[in-house]
Amino acid sequence: MQSMSWRSAFYNSIVNTKLELYIAEFAIILKDFEASVPAKDLNRWQRQLGQLPKVENIELIVGDSVSLNANNALTAGDIAKTISVLKNFMPWRKGPFNFMSINIDTEWRSDWKWNRVLPHLQNLAGKKVLDVGCGSGYHLFRMHDAQASQIIGVDPTALFFFQFHCFKQYLPSLNVHYLPIGIEAMPTTNYFDTVFSMGVLYHRQDPIKFLRELKDQLCSGGQLVLETLVIDGDENTVLMPKGRYAQMRNVWFLPSVDALIIWLQRVGFKNVKCVDIDCTSIEEQRATPWMETHSLIDFLDSENMTKTIEGYPAPKRAVLTASVS
Ligand SMILES: Nc1ncnc2c1ncn2[C@@H]1O[C@H](C[S@+](CC[C@H]([NH3+])C(=O)[O-])CC(=O)[O-])[C@@H](O)[C@H]1O
């Protein structure tokens, strides 16, 4: 991937939209990305992207799995080589993907999350959407399939940006773009019809500031779709783990649904609703050949799976929707 090409594709995509106002700001924010990635990782990932097969006329097929269809253009030898190239981008956490007939069985069945969220979305057709904390970009492709017209993901984890480009480099005209930045770096745009934030709130040290940052990206009448870890309890219940939570180091606040509703209302969201609650199962998050290290089953108390190994309630996730006036 040429280091400038993803930027120019993004800049071209915002010409003649309201985001064009922020081109100079984006140029500053995005300028240092390559310099911020350790050189050995950057060189390796860029080299590996260039090692993926050169095939024309690739088709994107989106179902539960996000697939690149190369019409059987790869030989058995190409497939073996491509598997070893793709394995350089491990751990593959969010998916599933299929790369030209190679199934990338990711740690998470992110399609299950999408199925929980989908019935509660405003119609995405023709909409401008932002996915905050988009990971590998799996859900960006689902949003494209739901016919959103302009789709932007933001996520500061460089590995996930490169995973996304394993796919995106074959789809240059797709109006789906990935900015390798945290939400806090985005200019206040008040632009998007739908802002998704799935699996990020608990990673933020200041959740109220984070909710404001999400609100700052929504246009009037826009919809927030917030998915996060919650705990049981009343409006005064919030868990701050003493240390790790389910072995994750960077977990800060797990509110009850009622507390989260108050947070959203205090920040100025309207029509706040909890539309789904789900306990994460060991079938939804598990080790696979594409993410070989520990996963949810190792993070739960083996004698009482309703607890994490630290003794906290096991992961339970809620989806909330809200709007801005
Ligand atoms: N400040 C930040 N701004 C934006 N993204 C961030 C920030 N901090 C961390 N992230 C990103 O948020 C994502 C969270 S994963 C959810 C993926 C997908 N949404 C999913 O719902 O499957 C869930 C998990 O790791 O628990 C990671 O990709 C981080 O890099």
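Calculation notes
- Residues numbered from 1 in each chain as written.
- Predicted model: local features only at pLDDT ≥ 70, side-chain atom pairs only at ≥ 80, totals over all residues.
- Heavy atoms only, no water.
- UniProt positions renumbered as here; feature names shortened; annotations may be inferred.
- Helix = DSSP H or I, 4+ residues; strand = E, 2+ residues; numbered from the N terminus.
- Buried < 20%, exposed > 50% of the residue type's maximum accessible area, 1.4 Å probe, protein only.
- Areas by Shrake-Rupley, 256 points an atom, 1.4 Å probe, with all protein chains shown as cover.
- Axes fitted to C-alpha atoms, helices over the stretch in contact; angles between N-to-C directions.
- Parallel < 35°, antiparallel > 145°, perpendicular 65-115°, else oblique.
- Contact = heavy atoms within 4.5 Å.
- Salt bridge = Lys/Arg side-chain N within 4 Å of Asp/Glu carboxyl O.
- Disulfide = S-S within 2.5 Å.
- Pairing = 2+ DSSP bridges.
- Phe/Tyr/Trp six-rings, centres within 6.5 Å; stacked < 30°, edge-to-face > 60°.

As named in an unreviewed UniProt entry, the chain is tRNA U34 carboxymethyltransferase, taken from Glaciecola punicea ACAM 611. Quoted verbatim from the Catalytic activity (unreviewed entry) field of UniProt, the annotation for the chain is "carboxy-S-adenosyl-L-methionine + 5-hydroxyuridine(34) in tRNA = 5-carboxymethoxyuridine(34) in tRNA + S-adenosyl-L-homocysteine + H(+)". Annotation of the chain in UniProt includes, under Subunit (unreviewed entry), the sentence "Homotetramer."

Turning our attention to the overall build of the chain. The helix and strand inventory of the chain stands at eleven helices and 17 strands. Along the three orthogonal principal directions, the C-alpha set of the chain runs to about 55 × 50 × 35 Å. Scored against the burial criterion, the 325 residues of the chain give a buried share of 52%. When the accessible surface of the chain is totalled, it reaches about 14,200 Å², and 50% of it is carbon and sulfur.

So, on to the packing of helix 4 (residues 39–51) against helix 8 (residues 158–168). Axis separation between helix 4 and helix 8 bottoms out at 10 Å; the angle between their running directions is 10°. Judged on the interaxial angle alone, helix 8 and helix 4 are roughly parallel. Listed contacts from helix 8 to L42, W45, Q46 and L49 of helix 4 are A158, L159, F162, H165 and C166.

Attention now moves to the pattern of salt bridges. In total, this model carries 16 salt bridges according to the counting rule given. The partner of D105 in a salt bridge is R286, with the nearest N and O atoms 2.7 Å apart. Taken as a pair, D105 in the loop between strand 5 (102–104) and strand 6 (108–109) and R286 in the loop between strand 14 (270–279) and helix 11 (296–299) lie far apart in primary sequence, 181 residues in all. Residue E284 pairs with R116 through a salt bridge whose shortest N-O separation is 2.9 Å. Remark: R116 occurs in helix 6 (residues 110–117) and E284 occurs in the loop between strand 14 and helix 11; sequence separation between them is 168 residues. Like E284, the residue R116 is buried in the burial classification. Salt bridges here are not isolated pairs; linked through shared partners, they connect R116, D276, D278 and E284.

The feature "binding site: carboxy-S-adenosyl-L-methionine" (unreviewed entry), as annotated in UniProt, sits at K94, W108, K113, G133, D155, P156, T157, I183, E184, M198, Y202 and R317 in this numbering. Considering the C-alpha atoms alone, the annotated residues occupy 224 residues of sequence and remain spread out, their largest mutual distance being 25.9 Å. Tracing the chain through its elements places K113 in helix 6. Note on K113: relative accessible area 8%, which makes it buried. Not counting chain neighbours up to four residues away, the residues in contact with K113 comprise H139, M198, G199, E227, E284 and R317.

Glancing now at the state of the cysteines. Per the counting criterion, the structure on display carries zero disulfides. Unpaired in terms of disulfides, C219 finds its nearest cysteine sulfur in C134, a separation of 20 Å. A residue is classified by how much of its surface remains accessible, and C219, at 15% relative accessible area, is buried. Looking at the unpaired C279, the closest cysteine sulfur is the one in C274, lying at 12 Å.

Spatially, 9-8-7-10-11-17-14 is the arrangement adopted by the seven strands of the open sheet, whose pairing is mixed. Among the strands making up the open sheet, the edge pair consists of strand 9 (176–179) and strand 14. The sheet shows a mean angle of 15° between the axes of neighbouring strands, direction not considered. Contacts between helix 9 (residues 207–215) and the sheet are confined to strand 7 (128–132), strand 10 (192–198) and strand 11 (218–229), with strand 11 contributing the most and set at about 140° to the helix.

As a further point, take the packing of aromatic side chains. Two aromatic rings, taken as a pair, are described by how far apart their centres are and by the angle between their planes. Throughout the structure, instances matching the rule amount to 22 aromatic pairs. Geometrically, the ring pair formed by F97 and F141 is edge-to-face, given 6.5 Å between the ring centres and 90° between the ring planes. Of this pair, F97 sits in strand 4 (residues 97–99) while F141 sits in helix 7 (residues 138–145); the two residues are 44 residues apart in sequence, bridging distant segments of the chain. In terms of burial, F97 and F141 fall into one category: buried. Consider the rings of F99 and F167, whose centres lie 5.5 Å apart with planes at 85°: the pair is edge-to-face.

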